[in-house]
Amino acid sequence: MALLPILHYPDPRLHKKAKPVQVVDDRIRQLVRDMAQTMYDAPGVGLAATQVDVHERVIVIDVTDDRSGLMVLINPEILSRSEERKVYEEGCLSVPGVYDEVERPSQIRVRALNENGEPYEFDADGLLAVCVQHEIDHLDGKVFVQYLSPLKQSRIKTRLKKAEREAARA
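Let us look at the structure shown here.

So, how was this worked out
Residues numbered from 1 in each chain as written. Predicted model: local features only at pLDDT ≥ 70, side-chain atom pairs only at ≥ 80, totals over all residues. Heavy atoms only, no water. Salt bridge = Lys/Arg side-chain N within 4 Å of Asp/Glu carboxyl O. Buried < 20%, exposed > 50% of the residue type's maximum accessible area, 1.4 Å probe, protein only. 1 Å grid on protein atoms, 1.4 Å probe; cavity = no way out; pocket = protein on both sides within 12 Å on 5 of 7 lines; lining within 4 Å. Points joined across faces, edges and corners; volume = space filled by probe spheres on them. Helix = DSSP H or I, 4+ residues; strand = E, 2+ residues; numbered from the N terminus. Nonpolar A, V, L, I, M, F, W, Y, C, P; charged D, E, K, R; others polar. Contact = heavy atoms within 4.5 Å.

All chains considered together, the criterion is met by 14 salt bridges. For the salt bridge of arginine 13 with aspartate 11, the shortest nitrogen-to-oxygen distance reads 2.6 Å. According to the relative accessible area criterion, arginine 13 is partly exposed, its value standing at 37%. With relative accessibility at 15%, the residue aspartate 11 sits in the buried group. Within this structure, Glu77, Arg109, Arg111, Glu121 and Asp123 form a network of salt bridges that share partners.

The following block contains the structure:
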């Protein structure tokens, strides 16, 4: 397993739309293992392949406190969304140190393939629903800050570019 470098907003590669995985093979399973290790090390609760500059539809998620609930979603799709919406504070490994409120459907039904290429479906609410929607957005080339006002987006870009420059000088 290897730690993968995580792209940081506003890197244009974060806006590239991921392609469906054609076959779940050893290469994809290794990607899943590396993504899981990267997510846990960061630490985070979700990671999309787009964030590690692999533009295929692969997500890893673990919303448990003890890291016992790793979920692998290959070619995920949201089958249904509740009418009810909820606001949650979101953060992102690609937008370090930035947290803001985003409104999303409170419940969803999802279909995906697991790491063996087997299809499965599940219902999600709460943090899991937020995480799945957030990570699927990444696969579609969207970063959560795009739900925020243009002024907030501009401030976030400025702050992250400044932090990047300071880190490069250190």
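Picking up after the structure, the text goes on.
Let us look at the layout of surface pockets. Estimates place the volume of the largest pocket at around 330 Å³. Every residue lining the largest pocket is counted, 21 residues in all, and those nearest its centre are Val45, Glu90, Gly91, Cys92 and Leu93. Mapped by element, the contributors of at least two residues to the lining of the largest pocket are strand E4 (85-92), strand E5 (95-105) and helix H2 (126-139). A breakdown of the residues in the lining of the largest pocket according to their chemical character gives 12 nonpolar, six polar and three charged.

With that settled, consider the environment of alanine 124. By secondary structure assignment, the location of alanine 124 is in strand E7 (residues 119-125). Between the C-alpha atom of alanine 124 and that of proline 43, which follows or precedes it by 81 residues, the distance is 22 Å. Once residues within four sequence positions are removed from consideration, alanine 124 is found in contact with Ser106, Gln107, Ile108 and Ala129.

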